[in-house]
Amino acid sequence: MKSNSRSLIEEADAATAAGNLRHAEELLLKASEAASDDVFLLLRIAALQRATGRPEVALATVHRALTLAPLDFTALLLRASLLDAMKQDEAAEAWSHALAQRPDGDLPQHLHSVVKLGEERVRQWTAEREATMVAAMASPARTAAPRAVRPAVDGVNPPSPRAWYGARNQSGGNNHSNPGGNLVAVINRRSRCPPMKMK
């Protein structure tokens with residue numbers, strides 16, 4: 001069975017070199033039936049599916065690979081690039097997650113441009129998120145409600161607390177015999193109405 005799978009992969013390589021990508025995909029799909037746990041083979045299939053203009057199908061194949069190897073760097077990069085090409089909201093987070101799994105040492109040459117794109121996307125995403133946070137923090141200050149103004153009664157503006165307590169002090173403190181007298185005096189002074197008398 002393994003020799004048959006190897007033969008199919010060799011045929012797929014020849015078909016890819018000849019530009020017959022759909023036939024190459026068919027051959028690799030057949031090979032994957034005998035090697036369903038081969039992550040690299042699944043990623044090759046996903047790459048062909050993407051190259052033939054089917055990013056959704058390719059993404060599903062990548063997800064199959066990630067169920068076998070959740071932290072595979074190449075699979076995570078391919079997932080992020082597919083989401084980016086499809087303009088999905090989670091693309092930036094996918095790039096960030098993929099780059100966090102970057103292995104030590106030199107990367108294969110064919111991954112350099114992909115990693116560079118991912119780093120640029122993460123920088124853009126971080127800057128946009130920080131700008132959004134700053135705007136959200138500043139918005140309450142711009143939209144603060146104006147200070148409420150107490151309504152006037154019968155054309156008379158209510159006395160301020162300072163005026164009220166000042167009147168109390170001028171009258172010698174609390175007036176227990178006429179508790180409303182001081183307030184009436186303040187209102188009389190602030191209005192143009194005839195003096196009010198307390199009964």
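Keep in mind that this is a model prediction, so the values were computed, not measured. (Residues numbered from 1 in each chain as written. Predicted model: local features only at pLDDT ≥ 70, side-chain atom pairs only at ≥ 80, totals over all residues. Heavy atoms only, no water.)

**Points about the environment of Ser32**
Considering the arrangement of structural elements, one finds Ser32 in helix α2 (residues 21-34). The class of Ser32 is buried, set by a relative accessible area of 7%. Sequence-wise, Ser32 and Ile9 are 23 residues apart; in three dimensions their C-alpha atoms are separated by 9.4 Å. Ignoring any residue separated from it by four or fewer positions in sequence, one finds Ser32 in contact with Leu41 and Ile45. A distance of 2.6 Å separates a polar side-chain atom of Ser32 from the backbone oxygen of Leu29. (Helix = DSSP H or I, 4+ residues; strand = E, 2+ residues; numbered from the N terminus. Buried < 20%, exposed > 50% of the residue type's maximum accessible area, 1.4 Å probe, protein only. Contact = heavy atoms within 4.5 Å. Polar contact = N/O pair within 3.5 Å; in protein donor to acceptor, adjacent residues only side chain to side chain.)

**Quick look at the pattern of salt bridges**
For side chains bearing opposite charge, pairing can occur when the charged atoms are close. Applying the stated criterion to the full structure yields five salt bridges. With a closest N to O distance of 2.6 Å, Arg121 and Asp84 form a salt bridge. Residue Arg121 is found in helix α7 (residues 112-142), and its partner Asp84 is found in helix α5 (residues 73-85); the two are separated by 37 residues along the sequence. Exposure remark for Asp84: the relative accessible area of 16% places this residue in the buried category. With a closest N to O distance of 2.8 Å, Glu120 and Arg123 form a salt bridge. Taken together, the positions of Glu120 and Arg123, both in helix α7 and three residues apart, correspond to about one turn of that helix. (Salt bridge = Lys/Arg side-chain N within 4 Å of Asp/Glu carboxyl O.)

**Considerations on the environment of Leu68**
Here Leu68 shows up in helix α4 (residues 55-68). Note: C-alpha distance between Leu68 and Val39 (29 residues apart in sequence) is 6.9 Å. Dropping the residues within four chain positions of it, Leu68 is found in contact with Ser36, Asp37, Val39 and Leu42.

**Here we look at the packing of aromatic side chains**
Summed over the entire model, instances satisfying the criterion amount to zero aromatic pairs. A cation sits over an aromatic face here: Arg129 above Trp125, 4.6 Å from the ring centre. (Phe/Tyr/Trp six-rings, centres within 6.5 Å; stacked < 30°, edge-to-face > 60°. Lys NZ or Arg CZ within 6 Å of the ring centre and 35° of its normal.)

**Thoughts on the nonpolar core**
Where a protein is soluble and globular, its nonpolar side chains tend to be buried together. Ranked by internal contacts, the top residues of the largest apolar core, which has 26 residues, are Leu43, Val62, Phe73, Leu77, Leu78, Leu82 and Val115. Elements with a contribution of two residues or more to this core: α3 (39-51), α4, α5, α6 (91-100) and α7. Of the residues forming this core, the biggest block, eight residues, is contributed by α5. (Core = buried A, V, L, I, M, F, W, Y, C linked by side-chain atoms within 4.5 Å.)

Read these as geometric descriptors, not functional statements.
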